[in-house]
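Descriptive structure summary
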Amino acid sequence: MKKHILIVGSGFSGMWAAVSAARLAEQENATDLQISVLAPAAELRVRPRFYEEQVSAFVAPLHDLFAELNIAFIPGSAENIDSSNKTVWYRDTHGSAVAATYDRLVLATGSQTRRPPIAGLADHAFDIDQLESAQVFEKHLDSLVSLPASAARNTVVVCGGGFTGIELATELPARLRARFGNNTDTKVIVVERGTVIGGRYSDALRSTIEAASNELGVEWRLNSEIDAIDASGVTLKNGERIAALTVVWTAGVQAHPLSEQIDGERDTQGRLKVNDSLQIPAHPAVYATGDMAHAKTDEVGNTALMTCQHAIQLGKFAGHNAAASLLNVEPYPYRQVNYVTCLDLGAWGAVYTEGWEQEVKSVRDEAKKIKIAITNELIYPPAADRAVAFAAADPLAKFV
Ligand SMILES: Cc1cc2nc3c(=O)[nH]c(=O)nc-3n(C[C@H](O)[C@H](O)[C@H](O)COP(=O)(O)OP(=O)(O)OC[C@H]3O[C@@H](n4cnc5c(N)ncnc54)[C@H](O)[C@@H]3O)c2cc1C
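If you're wondering where the values come from, they're calculated on a predicted model, not measured in any experiment.

**Structural notes on the packing of aromatic side chains**
Tallied over the full model, the rule gives five aromatic pairs. Aromatic pair Phe66 and Phe73: ring centres 6.3 Å apart, planes at 25°, arrangement stacked. Exposure remark for Phe73: the relative accessible area of 23% places this residue in the partly exposed category. Taken together, a centroid distance of 4.9 Å and an interplanar angle of 70° make the contact between Phe163 and Tyr201 edge-to-face.

So this is what it looks like as structure tokens:
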């Protein structure tokens, strides 16, 4: 019987894990290896673009790629992992519970926005974390046009000033102008717990974000926390009331809840701690990758972030290593020393940094070109062509 690698999730890490495993299988002439991807749909959803307009377009189909590389696709949603019997129970498209057994399991189900128990958050805040929620948000923005102008209609509160919050907030002035026209006084307010803008970033990156915010008129409420959200706005813990029909929650992400079903150590974001081969130490047949994995990137103490930059490489290593363990090939220890940041800053442009120290290398239009090259090309799936896909899936090939 063929050995089976089951990859759960078809995002950046799951898709690349499948291609990378198929690459090694071909290199080793392995005819007794079956690679399957289990996910709700054979598509890659380009989450880094969910702050942009026309979000429904940011989905890349994977049928042709999987067919070309003999990767089986199983439509469904994983619900239970029985690691002692090497079985994943999933719900198929007809709603039935089905079992899939594996020899190696790669967990690649990504992450989700963390929604803390703040009054009104569940009912009144939008998010742009998943395609469906970003579509709901866009539809809501469209619906504002039919309402009479008011301070609340014209104001968006973005809760959380991390990367997602900054990219959304700096894009919103243009998105609001496109709906209300240039003569309407609109407001975008970022509510941030930290005492400075971008407190976790380098000074140079921080001051660039500040300059862009000032030019775009994006306001920041620093040292501020949300106390409650309702249909007409937010109340901050210091008592300030902001009237806004649109409140977007972007503060914090956590690993997909399937991570809780594996007996292993987790970090504060719920990611499974993995060894250099990306295996769960207590369950060597199980690999975690992408936003599900807490993995060491280098020898100086850095760990992978929940970014697609890391998810793509983690996926290539996880797929390669899962296949290697079945084919008596030495695994590659996961390492990803290079780290870049490219942050979209709306109509102001963008900022591009290199290294963990986030040294600013370019800004404005020059950085915007890099951002567009990354989000519109680099992170998309490879062509459905064996040679092209396998060359790109080599874990040791330079990525960024
Ligand atoms: C708004 C936004 C902006 C971002 N901007 C950037 C950026 O500028 N740069 C950057 O590097 N990163 C960015 N990121 C982060 C990046 O998108 C993630 O780090 C990346 O998507 C993680 O890849 P992944 O493969 O781990 O998970 P995902 O891409 O989330 O893929 C998860 C996969 O698992 C599937 N799945 C989920 N549940 C199940 C289940 N129960 N059973 C089977 N399959 C399941 C999903 O359908 C999906 O196919 C951004 C994210 C967001 C939301």
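What follows picks up the thread again.
**Side note on the pairing of strand E20 (residues 283–288)**
Consecutive side chains of a regular strand alternate in pointing toward one face of the sheet and then the other. In terms of burial, E20 is a largely internal element, five of the six residues being buried. Alignment of strand E8 (residues 104–107) against E20, held across three bridges, turns out to be parallel. Residue Leu105 lies in a different strand from E20, and its bridge partner there is Val286. In this sheet, E20 lies alongside strand E19 (residues 279–280) in antiparallel orientation, the contact comprising two bridges. For Ile280, the partnering residue across the bridge sits in E20 and is His283. Between E19 and the antiparallel strand that follows it, E20, lie two residues.

**So, the UniProt feature "domain: FAD/NAD(P)-binding" (unreviewed entry) in the chain**
If you check UniProt for "domain: FAD/NAD(P)-binding" (unreviewed entry), the listed places come out as residues 4–313 in our numbering. With 25% helix and 30% strand, residues 4–313 has its two end C-alpha atoms placed 22 Å apart.

**Examining the side chain of Arg179**
You can see Arg179 is positioned in helix H5 (residues 163–180). Arg179 sits in the buried class, given a relative accessible area of 15%. Here Glu53 takes part through its side chain, which lies 2.8 Å from a polar atom of the side chain of Arg179. In this structure Arg179 touches Glu53, Glu138, Leu141, Asp142 and Val145, once residues within four positions along its chain are discounted.

Thresholds, definitions, all that
Residues numbered from 1 in each chain as written. Predicted model: local features only at pLDDT ≥ 70, side-chain atom pairs only at ≥ 80, totals over all residues. Heavy atoms only, no water. Phe/Tyr/Trp six-rings, centres within 6.5 Å; stacked < 30°, edge-to-face > 60°. Buried < 20%, exposed > 50% of the residue type's maximum accessible area, 1.4 Å probe, protein only. Helix = DSSP H or I, 4+ residues; strand = E, 2+ residues; numbered from the N terminus. Pairing = 2+ DSSP bridges. UniProt positions renumbered as here; feature names shortened; annotations may be inferred. Polar contact = N/O pair within 3.5 Å; in protein donor to acceptor, adjacent residues only side chain to side chain. Contact = heavy atoms within 4.5 Å.

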